[in-house]
Amino acid sequence: MIEAVAASGGLDPRLDALYEEAIRDTIERFEATGSPVITDGEQRKYHNFWTYCVQGLPNTAPDGFKIPFSAGHTRRMLRLTSGPFRYKQPADTYLDVALRYARKPVKQAVISPSALSLMYPDDEIPGYPREQFIEDLLREHETEMRRCLEKGAHNVQIDFTEGRLAVKIDPSGRLLHSFIDLNNIALSRFSEVDRRRIGVHTCPGGDLDSTHSADVDYADLLPALFALKAGSFYVALAGEKDRIRVLKIIREHRRRHQRVFVGVVAPIDPRVETPEEVRDRVLEAADYIPLEQLGTTDDCGFSPFCDDTSTSRDTAFAKIRARVLGTALAAERLGAG
Amino acid sequence: MAFDDEEERLRSVALQNVNAILLARERAERELAAERERLRITLASIGDAVISTDALGRVQYLNAVAEALTGWTQAEAAGRPLPDVFHIVNEYTRHPADNPALLALRKGMVAGLANHTVLIARDGTERPIDDSAAPMLDESGVAVGVVLVFRDVTERRGAEEAQARLAAIVESSQDAIISKSLRGIIRTWNAGAERLFGYTAEEAIGQPITLLIPPERLDEEEMILDRIARGERIEHYETVRVAKDGRRLHISLTVSPVRDAEGRVIGASKVGRDVTGRKEAEEALREADRRKDEFLALLAHELRSPLAPLRNGLQVMRLASGDANLVAMTRDMMDRQLSHLVRLIDDLLDIARISSNKMDLRRSRVLLADVVSSAMETARPALEAVGHELTVALPPEPILLDADFTRLAQVFGNLLNNSAKYTERGGHIWLRATRDGDQVVVRVEDTGIGIPASALPHVFDMFSQGDRFIERSTGGLGIGLALVKGLVEMHGGTVEAASLGQGKGSTFTVRLPVLQDRAASAREEPAVDWPDSAAGSKRRILVVDDSPDSASSMAMMLQLLGNETRTARDGIEAVAVAEQFRPRVILMDIGMPRLDGYAATRRIREQPWGRDMAVIALTGWGQEVDRLKSREAGCDGHLVKPINWPDLEKLLRELEGGSSNDP
């Protein structure tokens, strides 16, 4: 599959059968882990979790900005070359396929508007003002989200990995707050009931076993993050050096109605966590987050970029299984069943 | 690699968007503000009152309607506990009502008012209200306030009460009140309809109205619906409908169109009144009228019948005056016919008196045996004429009655005559009397033609079919038995008719109360026989009558009896002739031209020569009031035409034996 994608480009229709098989296999193995909520492993997000929806648009150029990773490599984004801005491949099309195979609730991940806002170049595009682009972006994102909700996604997760990156590139917080504003404009278009099914994911990035913003203090991010009008937050925690500190920040800034899913396995760590390790991390988190609002997750996707082979599928499912088992152990210990 | 350059480029790109995002946010906020304003305007514009509170139940917002109903302004109410502003009590108990807003706040769910809640405004005005309260939930589902919506339901309550009153009227109406669709399907059905037609509302509603219409009248429904669809009203339409048990009912219908709010005819309301009783009464009246007409025709016939032989008799006497036997036979025949005519008229007058309660009984202590004997005398000619055998059986002991001898004799005479008439020649008639406690039971039984069972209930009715059936067979007015019944009842008794059917004879049973005292007995004196010669004392008699024939025939008769007579044609002439003639007796007609009999009598009495004359009123008017009037005018006696000679003779003897002014 990887070789075929590398050879023909990810959008070749001839790959459809392979993608379908990958999705079916992923869902089968995911459900086998015992996880109560599954995903399709984002098999069809070519090239990555960030640009999946705009990949192949004729009004883009591959010379967008670069995301620098700690391992020394960068990932270059697409650049918008002209208006209007439209999604080519919204995530709900992936959900259609996943729901055909899934027997358990499916969570669908989508990219945040703030991440895609970075496609508009430094210089104004003639005839397509930046304000119009923002409007188009919000509309496209809202449409994608609404379709996912309507089609039956158990949850929709907005990937907000650039939040922590924003703090890194603009320590003043101005950029972060601008991102929060943009995402909140989109979230405000949904009802309270819908927003309870919408979550936001934050992490320091994870590509080729390295991060883009692990050095950014969560203390600079989380207070603003919890201002997002979402019902759930998927916070990478397993890879953090001082989890207690992060948990304290969460405890301090979390809103009453917000559920927090803490990361208990780290995809960038090649080692598979033991269930006991996971259990202890959950018990640790339970000291700071009320049980009814505490959940567990993986710190990040296991392969956010399609050419990342640093984590094998076996390892990924082993880590997920460890998360599920560890969480169960913790629940038993906590008497939460 | 220019790591710093890439980061700087990223920063630059990102920050370039900040302003655009800010503008987008401002636009979103403006839209939100505009939406809130629209909401505010909406709340201010809607007809219902709206109050919102914070999480502690303190008033935050009132719309204009809420201000009007509570009497609090937004500025005055803001921050006050809701019960201060929204003061509600139970309409009947006056106890504070559960505040739905606080309930909604507490339970986090929509709550409504209990029934009969009254809002007391700041100025004390009370209004019945309807309301509901919904909590405002934050993102976590926690109630952060409540929205209370309420409305004044005074008008609606009034309308509901009016509707309830109307419904009660409809339900309590004796008339059937039914509504139906334009397709003739019954929609409503009141208790009156159930009483009238027998169907319950459950049975009738949803059924076609043709349920009540007889097959031969189904066309009516099409006509009614047609007119209703045109918006016409049908009033007092009299028709026939069928009840559940199959009875045919005469119904008066008033059908009105029922219209919807836009005035379109959507159905019809029918008010049906049972007029079966009225119809039957009308039918009975028509029947009575028809019988009256028949009777009048019969009366004319019966009155005319004796006239022919009378006229023939006169002719015979004129032609055969020399044949004393023939004249005597003719005279007897004329006497019988005249008696028949008199009896007819007497019966008519008697029945009229009984009907109008104007008959007076001259009660005295009489013996049943005497009464029966008198009745037999009366009936004898009829019995003998057809060869009937009469058997009479009376109790051995005397039966004393408090009765009018003549009238009671008339009762049994009529019954015997009746049996004589309706029994074939050579029949047998029994009159049996027995004592039954304090009553005497007199049965008159015959072997006659009997009475059909269907006629028995009507046999004592005047001019009844049963009676007519009988009377027609032998002639007569058919009032004899009615007279019997009236007279018996006036005596406190009863009379019944029985028959085993046509051809099986009849039995009439009279029950009368018996007087206990047997010591005394009384009876009317038997009638005086006809004078057959001029045996009486010779008198000077003035006959006054405006009918020359009546006057001259009377005078002729009196002369034949040996009296000296004069005649006068009216009151004035009577006074003049009386003065000259100085009669001993004046037979004074009453209804006359120029001067009537009363006035003439008064004038005569005013004269010295007239004070001792015996003035006897001789008139067709025989009621008590007529006798009184003649007495007041100065008459010494009162006789009813045609004159009964024995009565006249008796009266004259009395006058001659006593005071001339005191007969």
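This one's a predicted model, so the numbers in the text were calculated from it and none came from an experiment.

**Observations regarding the overall build of chain A**
Then step 1. Secondary structure assignment for chain A yields twelve helices and ten strands.
Then step 2. Here chain A holds 337 residues, and the buried ones make up 49% of them.

**A short note on the overall build of chain B**
Then step 1. Tallying secondary structure elements over chain B gives 21 helices and 24 strands in all.
Then step 2. In chain B, the share of contacts with a sequence separation of at least 24, taken over all contacts with a separation of at least 6, comes to 56%.

**A word on unusual backbone geometry**
Then step 1. Look at the link from Gly83 of chain A to Pro84 of chain A: it is a cis peptide, with omega at -10 degrees.
Then step 2. Structurally, the position occupied by Pro84 of chain A is in the loop between strand E4 (79-80) and helix H3 (92-101).
Then step 3. Phi at His236 of chain B is positive, roughly 45 degrees, even though this residue is not glycine.
Then step 4. Secondary-structure assignment places His236 of chain B in strand E10 (residues 234-242).
Then step 5. When the 10 C-beta atoms within 10 Å are taken as the criterion, His236 of chain B is described as exposed.
Then step 6. Look at Arg594 of chain B: it is not a glycine, yet its phi comes out positive at around 65 degrees.
Then step 7. On the secondary structure map, Arg594 of chain B appears in the loop between strand E22 (585-588) and helix H19 (597-606).

**A look at the interface of chain B and chain A**
Then step 1. At the junction of the two partners, chain B supplies 21 residues and chain A supplies 28 residues.
Then step 2. Considering only residue class, the side of chain B that touches chain A consists of eleven nonpolar, four polar and six charged.

**Let's talk about the packing of helix H6 (residues 162-169) of chain A against helix H9 (residues 218-225) of chain A**
Residue and element names in this part refer to chain A.
Then step 1. Put simply, H6 and H9 touch, their axes get as near as 10 Å, and they point 125 degrees apart. For the element pair H6 / H9, the angle class is oblique. The hand of the H6/H9 crossing is right-handed. Residues Gly163, Arg164 and Val167 of H6 form the contact with H9, whose own contacting residues are Asp220, Leu221 and Leu225.
Then step 2. In terms of residue class, the contact of H6 with H9 is made up of three nonpolar, one polar and two charged.

**So, the pairing of strand E5 (residues 117-120) of chain B**
Residue and element names in this part refer to chain B.
Then step 1. Side chains Thr117 and Leu119 project from E5 onto a buried face, and the interleaved Val118 and Ile120 project onto a face without burial.
Then step 2. Sheet topology places strand E3 (residues 87-90) next to E5; four bridges connect them, and they run antiparallel. Following the sheet pairing, Asn90 is matched in E5 by Thr117.
Then step 3. Where E5 meets strand E6 (residues 126-137), three bridges bridge the pair, whose relative direction is antiparallel. By the bridge assignment, Val118 is partnered in E6 with Pro128.
Then step 4. From the end of E5 to the start of E6, which pair antiparallel, there are five residues, and Gly124 there has a positive phi angle of about 90 degrees.

**Let's talk about the environment of Ser178 of chain A**
Then step 1. Assignment of secondary structure puts Ser178 of chain A in helix H7 (residues 174-187).
Then step 2. By C-beta crowding, Ser178 of chain A is classed as buried, having 23 other C-beta atoms within 10 Å.
Then step 3. Linking Ser178 of chain A and Ser114 of chain A, residues 64 residues apart in sequence, is a C-alpha distance of 8.4 Å.
Then step 4. The contact partners of Ser178 of chain A, leaving out residues within four places of it in the chain, are Asn17, Val18 and Ile21 of chain B.

**Concerning the sheet that holds strand E16 (residues 428-436) of chain B**
Within a beta sheet, neighbouring strands are joined by backbone hydrogen bonds and run either parallel or antiparallel to one another.
Residues and elements named next belong to chain B.
Then step 1. Pairing in this open sheet of five strands is mixed, and the strands run E14-E16-E17-E19-E18 from one edge to the other. Sheet topology places strand E14 (389-393) and strand E18 (494-499) at the edges, where each strand pairs with a single neighbour. Between one strand axis and the next, the sheet turns by 15 degrees as a mean value, whatever way the strands run.
Then step 2. The strands that helix H13 (residues 368-385) touches are E14, E16 and strand E17 (439-446); relative to E14, the one it contacts most, it runs at about 175 degrees.

**Section: the sheet that holds strand E11 (residues 248-259) of chain B**
Residue and element names in this part refer to chain B.
Then step 1. The sheet built from five strands is open, its strands ordered E9-E8-E12-E11-E10 with antiparallel pairing. Edge strands, defined here as strands with exactly one partner in the open sheet, are strand E9 (186-189) and E10. Each adjacent strand pair in this sheet contributes to an overall mean axis angle of 30 degrees, direction not counted.

**Side note on the environment of Gly173 of chain A**
All names here are of chain A.
Then step 1. Positionally, Gly173 belongs in the loop between H6 and H7.
Then step 2. Take Gly173: there are 15 C-beta atoms within 10 Å of it, and that puts it in the partly exposed class.
Then step 3. The sequence separation of Gly173 and Asp220 amounts to 47 residues, and the corresponding C-alpha distance is 7.7 Å.

**As for the confidence of the model for chain A**
Then step 1. Per-residue pLDDT for chain A has a mean of 90; in total, 99% of the residues score no lower than 70.
Then step 2. Looking at the elements of chain A, mean pLDDT is at its lowest for helix H1 (residues 2-8) of chain A, recorded as 73, and at its highest for strand E5 (residues 107-111) of chain A, recorded as 97.

**Here we look at helix H14 (residues 405-421) of chain B**
Then step 1. For H14 of chain B, built from 17 residues, the straight-helix expectation of 24 Å at 1.5 Å per residue is met to within 8% by its first-to-last C-alpha distance of 24 Å.
Then step 2. The buried fraction of H14 of chain B is high, at 15 of 17 residues.

**Re the packing of H6 of chain A against H7 of chain A**
Residues and elements named next belong to chain A.
Then step 1. Closest axis-to-axis distance for the H6/H7 pair is 7 Å, and the angle between their directions is 150 degrees. Classified by the angle between their axes, H6 and H7 sit roughly antiparallel to one another. Contact residues: H6 offers Glu162, Gly163, Ala166, Val167 and Ile169, while H7 offers Leu175, Leu176 and Phe179.
Then step 2. Taken together, the residues of the contact of H6 with H7 sort by class into six nonpolar, one polar and one charged.

**What about the pairing of strand E10 (residues 294-298) of chain A?**
Residues and elements named next belong to chain A.
Then step 1. Extensive coverage of E10 is indicated by the burial of five of its five residues.
Then step 2. Summarising the sheet, strand E9 (residues 259-265) and E10 pair through five bridges and their orientation is parallel. Bridging from a neighbouring strand, Val262 pairs with Thr296 of E10.
Then step 3. A crossover links E9 with its parallel partner E10, the connecting element being helix H11 (residues 275-286), and its sense is right-handed.

**A word on the environment of Ile345 of chain B**
Then step 1. Locating Ile345 of chain B in the fold gives a position in helix H12 (residues 324-355).
Then step 2. Spatially, the C-alpha atoms of Ile345 of chain B and Leu303 of chain B are 8.5 Å apart, while their sequence positions differ by 42 residues.

**Topic: the confidence of the model for chain B**
Residues and elements named next belong to chain B.
Then step 1. Overall, the predicted model of chain B reaches an average pLDDT of 83, with 91% of residues at or above 70.
Then step 2. Taken together, the stretch residues 465-475 has pLDDT below 50 and engages in 23 contacts with residues farther than four places along the chain or on a different chain.
Then step 3. Counted against residues more than four places away or in other chains, residues 518-535, with its pLDDT under 50, gives 29 contacts.

What counts and how
- Residues numbered from 1 in each chain as written.
- Chains lettered and ligands numbered in written order.
- Predicted model: local features only at pLDDT ≥ 70, side-chain atom pairs only at ≥ 80, totals over all residues.
- Helix = DSSP H or I, 4+ residues; strand = E, 2+ residues; numbered from the N terminus.
- Buried ≥ 20, exposed ≤ 12 C-beta atoms within 10 Å, placed from the backbone.
- Contact = placed C-beta atoms within 7 Å.
- Nonpolar A, V, L, I, M, F, W, Y, C, P; charged D, E, K, R; others polar.
- Axes fitted to C-alpha atoms, helices over the stretch in contact; angles between N-to-C directions.
- Parallel < 35°, antiparallel > 145°, perpendicular 65-115°, else oblique.
- Left-handed = near helix turned anticlockwise from the far one by under 90°.
- Pairing = 2+ DSSP bridges.
- pLDDT = per-residue confidence, 0-100.
- Expected span 1.5 Å × (residues − 1).
- Right-handed = clockwise from strand over helix to strand, strands pointing away.

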